[in-house]
Every structure is written in C-alpha cells, then in structure tokens.
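Below, each chain spelled out in residue letters.
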Amino acid sequence: MSRPDTSDRRHLPGLATLLLGTVLLFAACAQNAPTASPSTASSATPPASVAPSVAPSAGSSAAPSAPAPTPSSSAVGALDAVYDTVERQVVAIRGLKPSRPVERQFITSAEAKAMLTKQFDDETPAAYLAGSERLYKALGLIPAGSSLRDLTVNLLGGAVAAFYNDEQGKLYVITDQAVPGPTERFYFAHEFDHALQDQNSTIFKDQHAVYDQGDRLLARQAIYEGDATLLMTQWAAANLSQAELLQILSSSADPEAQAVLDRTPAILRDTLTWPYTTGLGYVQAAQSAGGWPAVNAFFTAMPESTEQILHPEKYASHEAPVQVTMPPDLATKLGSGWTVQMQDTFGEYQLGVWLRESGVKASVATAAAAGWGGDRLAVAKGPNGAWAVVLRTTWDSVSEASDFLDAAQIAVNHLPGPARISAPGGKDVTIMIASDDHALLALDLVFGATGV
C-alpha cells in the first residue's frame, strides 16, 4: 500500500492537504530576510506525485465564496506570465533544470476535487482498499463503522491550489482567484519542484503500481515532499514581501481545513503530514551540510525505511530492513475458503502511531518502536464474513523485542475482539487479530509457537 493507510501510499500523501503553512513560513522567515517585493532569482503519489498543495478553503479570508469560471484565453496569458516567473525562480533556487516544458492547465477547485476523487477511485485496487480498511479497524485505528475511502476523500475538502500529475507530466493550477496571490504562488512553487524531480529522476516511475512496500514508499515520500517543502520555504523567503508572508500565515490558519484534520483518525492524519514535517527536517539537514547536490544524492540512493528517516545514522550506515516473509500458501494453511487480500510492510513510524493510539504512553511507544528491524503484514478474508490480520515483526536485539512485546501487549489488550501475541523468544514478535476465536485459532496454528 504504499502505506497501509488507505490505498496506494503513493496516493494518500498525494491527496494530502498541505496544511503546514504556519510552520513552513516561520521556517522561511528564519532562513532569509524576505525582499520587499517579489524578485526574479538569478542564474515527480502518487499518480505517484499527485500531492496537491492546499490553499485556504472557501470561507477563509483569502478564498472566494464560490469557484470562479475557467479563465478566458487572455486571462490565461496573464496567469501564465505569473507562473512562468515562479518557475524561473524555482529553477534558480533548486538548481534542477527542466528537460522539457511542464504542461500547465487551469481548472477550478470543484474540478480539482472531482479529478482527484476519480483518480483515487480509479487507481486504488478494491482488494487493497478493503484490506487496508480491515487492517486499520482490526488495529483499532479507525472506527468500526467508518469507510476508509470516505475518510480519505474527505481530505479533499480543502481548496486545492495546485497538483502535479507525473503520469501526464502535467501541472494543474486552480484559478478560483483572477490574480494569483502569494498563497497560490507559494504552493505552485512546491508542485513545480515535483515536476523538476520527475524530469531529473525516476522516483515517481519507480513506485508506480507498488502496493506492498508501504514503509519504503513512505520513507521515499519524506524525501520528495521534504525537498519540495524546503524549496517553497526558500522561494517564499526570497520572493515574497513581509506582508505577503503574513498573508500566507493568516490563510494557513483556516478553521475549516483544520476541522478536517481534527476529525481524521491519527493514523491517516499523522502519516499524511509526516513526510512534510519530518521529511522537511531530514532534507533541510542534508541541504544545510551539502547544498542541493546533497539532496539530489537521495534520488539516486533513496532511504529504504522510515527507520532510516527517523534515525539518519542508519541511512548513512546502510542498515537495510530485515526481510520478513509470509508463507506463500498462507490462504491454504488458514483453511478452505480463505484468500489473502493484501500484504504490506508497516514500519517503525506506523508501529509507533499504533502503540501511541492504543493506550501506550507516547514516549514509551516511540522507544518501543525504535528497535524495529523489519516486518510483514497480511490481511486475509475467510468464509461467512471471517477475517484475519497478522503482523510479523523482527527486532534489532532480544531486549528490543522484549520492549516492543511489553508495549504491544498493552495495545492488544485495548482491542475489542480476539487477538493474541506469539513471542516464543528471540527477536521475533507476531501479532494476530481475528474476527472470532475460530479464525484466531487458524492464525495461531500457522504463526503460533508450533507454527512458522
């Protein structure tokens, strides 16, 4: 899943709302003294990078109350001139040159939401979405009666400012305002950087149709979103006035957009924002030490796990995840009528979220997940509505496996249905959750002390 969050992990972040304006603008102000007026600088989930940047939604001070019609040809010319300038400024800052012009299309916010919703529905395999929903419900991470698809699509409620479609090599720009303000240009800079990433690397192409390496894809997302987020803060600091920076700060505090995040379960909300926040810090550290060439180097040797993002020394030392597998005949082992809906990796970051959201103190949850060595999860569907979820984990040491076991036991005790943990000793811990005792027994026969 490109993250066991909803669908393709390449996607969800793509559908993520970039509601980090205040943090980002403070970062921008800290990096450079903004010029008094816009200056001309000198010198790629989704589709893989459909990571729409979000402007204030309708009802905020910086957004109109109703979508504007698609602009006329003369208006398009004026809009193109504004965004052409932003593109030149981004190229000058980022140091990546486009190999071809990036096609640009102006649409309304209503059209953008419809396009992104359709894309989500068209490109998210039904079995994957159903398996992901079952996983999150089994772990107690989303309400039992909720729809993962609806929770995800609701994140499109904010007014999208721009998004890049890597499969088309095309940048969609929302034109609900006749003249692009600082917020629109701010987020456009972010999305144009994705186009430069796409033209200068294979990052987005490499993850097309990958649904079973969620942790790895989330780590990669931290790189390309951290890159684009850092770029747009530097662009803002160099090209916006103090008044324009304050305007973005004001618009980023939109209560409607915040309300969407507040009612979104933590596993979706936190995984949504993590690539922009933690990714920003990770990329900024590299860029501060070695400039943009140090960031470019990530695109030829991407991190393999969220562990490598959370612990940069593990990326530096090339500590790869331990490969954990599921029996190839798992469905047969579970019994007649069983099928495996999905397999994926969960990773250190999402394990920490699960523990924290399941009654484990935040500091303990973080420490318990930090010894992660590798994992593999599977979601299976059985006859008469039966289901089963298994998460096999391995840890860096016996003591770290024990620490995780203690925390996981607290989390499992919070689950409403049948569940148990198999930890016969050593560095392996397996969590089993099922619809009923019979299905749990079927899991236990495969993964318990006498199983694999």
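This is a predicted model, so every value here is computed, not measured. (Residues numbered from 1 in each chain as written. Predicted model: local features only at pLDDT ≥ 70, side-chain atom pairs only at ≥ 80, totals over all residues. Heavy atoms only, no water.)

**Q** Explain the overall build of the protein chain here, please?
**A** Looking only at helices and strands, the protein chain has 19 helices and nine strands in total. Taken over 452 residues, the protein chain has a buried fraction of 58%. As presented, the protein chain carries roughly 16,900 Å² of accessible surface, and 54% of it is formed by carbon and sulfur atoms. (Helix = DSSP H or I, 4+ residues; strand = E, 2+ residues; numbered from the N terminus. Buried < 20%, exposed > 50% of the residue type's maximum accessible area, 1.4 Å probe, protein only. Areas by Shrake-Rupley, 256 points an atom, 1.4 Å probe, with all protein chains shown as cover.)

**Q** Would you mind going over the confidence of the model for the protein chain with me for this structure?
**A** As a note on interpretation, predicted positions should not be read in detail where pLDDT is low. Residues of the protein chain with pLDDT of at least 70 account for 81%, and the chain-wide mean is 83. In this model, residues 1-68 is a region of pLDDT below 50 whose contacts with residues beyond four sequence positions or in other chains number 284 contacts. (pLDDT = per-residue confidence, 0-100. Contact = heavy atoms within 4.5 Å.)

**Q** I tried to follow the pattern of salt bridges on my own but got confused; where do I start?
**A** Here the idea is simple: oppositely charged side chains can pair when their charged atoms come close. Following the criterion strictly, the structure yields 20 salt bridges and no others. Salt-bridge contacts for Asp 121 lead to Arg 149; the nearest nitrogen and oxygen are separated by 2.7 Å. Of this pair, Asp 121 sits in helix α4 (residues 109-123) while Arg 149 sits in helix α6 (residues 148-154), and the two are 28 residues apart along the sequence. When the shortest N-O distance is used, the salt bridge between Asp 396 and Lys 314 registers 3.3 Å. One end of the pair, Asp 396, is in the loop between β7 (387-395) and α18 (398-413); the other, Lys 314, is in helix α14 (residues 312-316), and 82 residues separate them in sequence. Judged by relative accessible area, Asp 396 falls into the partly exposed class, the value being 30%. (Salt bridge = Lys/Arg side-chain N within 4 Å of Asp/Glu carboxyl O.)

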